[in-house]
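# Coordinate analysis (summary)
Here is how the chains run, residue by residue.
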Amino acid sequence: MGVIENLHLIKQTIPQSVCLIAVSKTQSNYDILKAYNAGQKNFGENKVQELVQKQEKLPKDIRWHMIGHLQTNKVKFIAPFIDMIHSVDSLKLINEIDKRAKQNNRIIDCLLQVHIANEKTKFGFEPDKIEGVIEETKKNKNINIKGLMGMASFTDNKNEIIKEFSLINTLFKKVENEKINVLSTGMSSDYLIAIENGSNMIRLGSIIFGKRI
Ligand SMILES: *Cc1c(COP(=O)(O)O)cnc(C)c1O
């Protein structure tokens, strides 16, 4: 199966209201263009250097999403063009994004990453910090908090995944308003569970492009 067929099949299984981010990390520009030419406009990357290189070479109307852990000293490289940063996980990072967005005369859409997995390795704010962070961030005029992002534990235990996605969905419902309306949860292995639990933005890589090498 090719990239285009995979995209069509996925689109048939998700509601139209769910935004699909094609996670193109490690994929070639050739494969990204295949998806682009089939109508896919939102792509996600997790490394700044790779993202910058691809943005330079690929069509300018691609909407780029930063989905991986972002170091403050690298924000300046993506601030001129990034469409959404999903992995905002500290106030220090928020202030840096705000500052660099201002230098570029931009307002950058961001999601607050919430720590929902039971693993210590996943980044994000603890759930009980989110409301305070949203309040705190109102003073940052060049950053636009659009919603929440979460990654479930790496497990086959479906009940655990449901528990984690439902936790972030409950939190999302609490903070949701006209401006805050994005819940980014769900990857190739768990996006259907994510959508059942309120997700309206899914980040799919291997199910579109095949296994990463
Ligand atoms: C790699 C990655 C994905 C996509 O993973 P797949 O399992 O290939 O769909 C989604 N979100 C984040 C944050 C990622 O790093």
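Right above here is the structure, for reference.
Procedures and definitions
Residue numbering note: each chain is counted from 1, following its sequence as written. Two thresholds apply to this predicted model, a pLDDT of at least 70 for residue-level local features and 80 or more for giving and counting side-chain atom pairs, whereas whole-chain, interface and lining totals are computed over all residues. As a convention, hydrogens and water are excluded, and side-chain values are obtained from all of the structure's heavy atoms. Proximity is defined per residue: if any heavy atom of the residue lies within 4 Å of a molecule or strand, that residue is considered near it. Definition of a polar contact: a pair of N or O atoms within 3.5 Å, with one able to donate and the other able to accept a hydrogen when the atoms are protein atoms, and with sequence-neighbouring residues admitted only if both atoms are side-chain atoms. Computed by Shrake-Rupley with a 1.4 Å probe, the accessible areas treat only the displayed protein chains as cover when residues are assessed. Amino acids are sorted into nonpolar (Ala, Val, Leu, Ile, Met, Phe, Trp, Tyr, Cys and Pro), charged (Asp, Glu, Lys and Arg) and polar (every other residue, Gly among them). Under the scheme applied here, a residue whose accessible area is under 20% of the maximum for its type counts as buried, over 50% as exposed, and between as partly exposed, the area being computed with a 1.4 Å probe on protein chains only. Helix and strand definitions here come from DSSP, where helices need a minimum of 4 consecutive H or I residues and strands a minimum of 2 consecutive E residues; each element is numbered from the N-terminal end. Between two residues, a contact is recorded if the distance between any of their heavy atoms is within 4.5 Å. In this text, buried Ala, Val, Leu, Ile, Met, Phe, Trp, Tyr and Cys residues form a nonpolar core when linked through side-chain atoms within 4.5 Å. Cysteine sulfur atoms that pair up within 2.5 Å are treated as a disulfide. Think of the arc as the fan of directions from the helix axis to the C-beta atoms. The rule for a salt bridge is simple: a side-chain nitrogen of Lys or Arg has to be within 4 Å of a carboxyl oxygen of Asp or Glu. Side-chain rings of Phe, Tyr and Trp, where Trp is taken by its six-membered ring, are said to pair if the distance between their centres is within 6.5 Å; with planes under 30 degrees apart they count as stacked, over 60 as edge-to-face, and otherwise as tilted. Charge-over-ring contacts are defined here by two conditions on Lys NZ or Arg CZ: a distance within 6 Å of the ring centre and an angle within 35 degrees of the ring normal.

Time to look at the site of the ligand. All residues in the neighbourhood of the ligand are listed as Val23, Lys25, Ile67, Met151, Met187, Ser188, Arg203, Leu204, Gly205, Ser206 and Arg212. The contact in question runs from an oxygen atom of the ligand to an N or O atom on the side chain of Lys25, over 2.7 Å. In this structure, a nitrogen atom belonging to the ligand sits 2.9 Å away from a side-chain N or O atom of Arg203. Taken by itself the ligand offers 390 Å² of open surface, and the protein chains cover 91% of this. Class assignment for the residues of the shell around the ligand results in 5 nonpolar, 3 polar and 3 charged.

The next subject is helix 3 (residues 48-57). An α-helical turn contains 3.6 residues, so a residue and the one three or four places further along point in the same direction. Listing the buried residues of helix 3 in full gives Val48, Glu50, Leu51, Val52, Lys54 and Gln55. Residues of helix 3 that are buried sit in contact with helix 2 (29-37), strand 2 (42-45), strand 3 (63-66) and helix 4 (75-78).

Moving on to the nonpolar core. Ile78, Ile85, Leu112 and Leu148 are the most contacted members of the largest nonpolar core, which totals 59 residues. Per-element tally for this core: the top contributor is helix 7 (residues 158-175), with 6 residues. When near neighbours in sequence (up to four residues on either side) are disregarded, Leu112 contacts His86, Val88, Ile94, Phe125, Ile130, Val133, Ile134, Ile145, Gly147, Leu148 and Met149. Ile21, Leu111, Met149 and Val182 belong to the second-largest nonpolar core, a separate cluster that totals 6 residues.

Attention shifts here to unusual backbone geometry. Unusually for a residue other than glycine, Thr26 sits at a positive phi of about 70°. Considering the arrangement of structural elements, one finds Thr26 in the loop between strand 1 (19-23) and helix 2. Phi angles above zero are rare outside glycine, and Asn105 is one such case at about 55°. Along the chain, Asn105 falls in the loop between helix 5 (91-103) and strand 5 (108-114). For Asn105, a relative accessible area of 74% puts it in the exposed group.

Here we take up the state of the cysteines. Evaluation of the coordinates by the stated rule reveals 0 disulfides. Cys110 provides the cysteine sulfur closest to Cys19, a residue in no disulfide bond, and the two sulfurs are 16 Å apart.

Our focus in this paragraph is helix 2. Listed in full, the buried residues belonging to helix 2 are Asp31, Ile32, Ala35 and Tyr36. Projected down its long axis, helix 2 carries its buried residues within an arc of 145°, all on one side. In helix 2, the exposed residues that point more than 90 degrees away from the buried face are Tyr30 and Asn37. Tucked into the core, helix 2 has its buried residues touching helix 1 (3-13), strand 2, helix 3 and helix 9 (206-209). Phi for Gly39, located one or two positions after helix 2, is positive at around 105°.

With that settled, consider the pattern of salt bridges. Under the definition given, this model contains 11 salt bridges. One salt bridge connects Asp31 with Lys34, and the closest N-O pair in it is separated by 3.4 Å. Remark: Lys34 and Asp31 occur in helix 2; sequence separation between them is 3 residues, near one turn of the helix. One salt bridge connects Glu131 with Lys174, and the closest N-O pair in it is separated by 3.7 Å. In this pair, Glu131 is assigned in helix 6 (residues 130-136) and Lys174 in helix 7, connecting sequence segments 43 residues apart.

In this fold, Ser188 is placed in the loop between strand 7 (182-185) and helix 8 (191-196). Polar contacts involving the side chain of Ser188 include one to the side chain of Ser206, which spans 3.4 Å. Side-chain polar atoms of Ser188 contact the backbone nitrogen of Ile207, separated by 3.1 Å.

Another aspect to go through is the packing of aromatic side chains. Inspection of every chain in the model, using the stated rule, returns 1 aromatic pair. Ring centres of Phe43 and Trp64 lie 6.0 Å apart, and the angle between their planes is 45°; on these two criteria the pair is classed as tilted. Of this pair, Phe43 sits in strand 2 while Trp64 sits in strand 3, placing them 21 residues apart in sequence. Here Phe43 and Trp64 have matching classes, each one buried. Against the face of Tyr36 rests Lys41, its NZ or CZ located 4.4 Å from the ring centre.

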